[in-house]
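Descriptive structure summary
Here is how the chains run, residue by residue.
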Amino acid sequence: MDPARHAQARKGSEAAFAVLVSEHQQAVRLFLRRLAANPADADDLAQEAFVTAWERIDHLKPGVSFRTFVCGIAWKKAQNDRRRVRRAETRDGAWLSLRRDVEMPTHETRLSLDKAMQSLPLDMRAVISLCVAEDYSHAEAARILGLPLGTVKSHSQRGRARLCELLGVEV
């Protein structure tokens, strides 16, 4: 632990923070690889943890190691990611249980989906992309897109219905 480097980073020194990242990124990545579903997710979570650590560096208390600080942030990110994965699994399981014949999409199906998506209005397409493809909540999508929550919810419902209609999928 280098108190001087911590102090420099707290004062906004990007160079000091870069040294801290360099010293601790491997440990944080290894920690997250033991928690995440796959290594790529762990690496993404580590990157997010370091970005958050930089944003909150002023919360690093004297006497607390940077590794402890960033691993605490990484742990919270991993918990949030696990909740996201569980929500997606639940949602996808519910969606698949509604279908009688579950099959892997063919290349033609993907092209049809792309074409159907392109036929949606841009804001509706954005909502479908965030809420369905990227697993953002309606509230998160509303914040990202700057739309009212009710608009996001209706775009999500209408967009899904329109896509199912265009693709000939019975719901």
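Okay, so let's go over this structure. (Residues numbered from 1 in each chain as written. Predicted model: local features only at pLDDT ≥ 70, side-chain atom pairs only at ≥ 80, totals over all residues. Heavy atoms only, no water.)

Examining the packing of helix α6 (residues 122–133) against helix α7 (residues 138–145)
Packed helices, taken two at a time, are described by their axes: the angle between them and the distance between them. We apply this condition: Orientation is described by axes fitted as lines to C-alpha atoms, over the contacting stretch for helices, and by angles from 0 to 180 degrees between their N-to-C directions. Note on conventions: DSSP H or I runs of at least 4 residues are helices, E runs of at least 2 residues are strands, and numbering of each starts at the N terminus. We call two directions roughly parallel when the angle between them is under 35 degrees, roughly antiparallel when it is over 145, roughly perpendicular when it lies between 65 and 115, and oblique otherwise. Left-handed describes a crossing whose near helix is turned anticlockwise from the far helix through less than a right angle; right-handed describes the clockwise counterpart. Any two residues whose heavy atoms approach within 4.5 Å at even a single point are treated as in contact.
Contact pair α6 / α7: the axes reach a minimum separation of 9 Å and the direction vectors enclose 135 degrees. By the angle between their directions, the pair α6 and α7 is classed as oblique. In this structure, α6 meets α7 at a crossing whose hand is right-handed. Of α7, the residues touching α6 (which contributes Ala126, Val127, Leu130 and Cys131) are His138, Ala141, Ile144 and Leu145.

Some remarks on the environment of Glu48
Selection criterion: Summary of the burial criterion: residues with accessible area below 20% of their type's maximum are buried, those above 50% are exposed, and those between are partly exposed, where the area comes from a 1.4 Å probe applied to protein chains only.
Mapped onto the elements, Glu48 comes out in helix α3 (residues 39–55). By relative accessible area, Glu48 is classed as partly exposed at 39%. The spatial distance from the C-alpha of Glu48 to the C-alpha of Ala74 is 7.9 Å, given a sequence separation of 26 residues.

Quick look at the packing of α7 against helix α8 (residues 149–167)
For the record, the criterion: The residue classification treats Ala, Val, Leu, Ile, Met, Phe, Trp, Tyr, Cys and Pro as nonpolar and Asp, Glu, Lys and Arg as charged. All others, Gly included, are polar.
Contact geometry for α7 and α8: axes closest at 9 Å, N-to-C directions at 110 degrees. Considered as vectors, α7 and α8 are oriented roughly perpendicular to each other. Seen from above, α7 lies across α8 with right-handed handedness. Residues His138, Ala139, Ala141 and Ala142 of α7 form the contact with α8, whose participating residues are Leu149, Val152, Lys153 and Ser156. A breakdown of the residues in the contact of α7 with α8 according to their chemical character gives five nonpolar, two polar and one charged.

Re the layout of surface pockets
Rolled over the atoms, a probe sized like a water molecule indicates the empty space that remains. Here is the rule we go by: Here the term cavity refers to a set of points on a 1 Å grid, laid over the protein atoms alone, in which a 1.4 Å probe fits but cannot get out; the term pocket refers to an open set having protein on both sides within 12 Å along at least five of seven lines, with lining residues being those that place an atom within 4 Å of a point. Grid points are joined across faces, edges and corners, and a volume is the space filled by probe spheres set on the points.
Within this model, the second largest pocket holds a volume of roughly 630 Å³. A breakdown of the residues in the lining of the second largest pocket according to their chemical character gives five nonpolar, four polar and twelve charged.

Quick word on a positive patch on the surface
Worth spelling out the cut-off: In this scheme, patches are assembled from residues that exceed 30% relative accessible area and form no salt bridge. Like charges are connected within 9 Å, while nonpolar side chains (Val, Leu, Ile, Met, Phe, Trp, Tyr) are connected within 5 Å. Exposure was quantified through the Shrake-Rupley algorithm and a 1.4 Å probe, taking into account, for residues, occlusion by the shown protein chains and nothing else. Salt bridge, as applied in this entry: a Lys or Arg side-chain nitrogen positioned within 4 Å of an Asp or Glu carboxyl oxygen. When charges are counted, Lys and Arg contribute as positive and Asp and Glu as negative, whereas His and the chain ends are disregarded. For this purpose, a charge sits on NZ of Lys, CZ of Arg, CG of Asp or CD of Glu.
There is a patch of like positive charges on the surface, built from Arg82, Arg83, Arg86 and Arg87. Structurally, Arg83 is set in helix α4 (residues 66–98).

Digging into the side chain of Asp135
Tracing the backbone shows Asp135 in the loop between α6 and α7. We classify Asp135 as buried; its relative accessible area is 9%. Among residues more than four places away in sequence, those in contact with Asp135 are Arg84, Arg87, Ala88, Arg91, Leu130 and Glu140.

On their own, these measurements won't tell you what the molecule is for.
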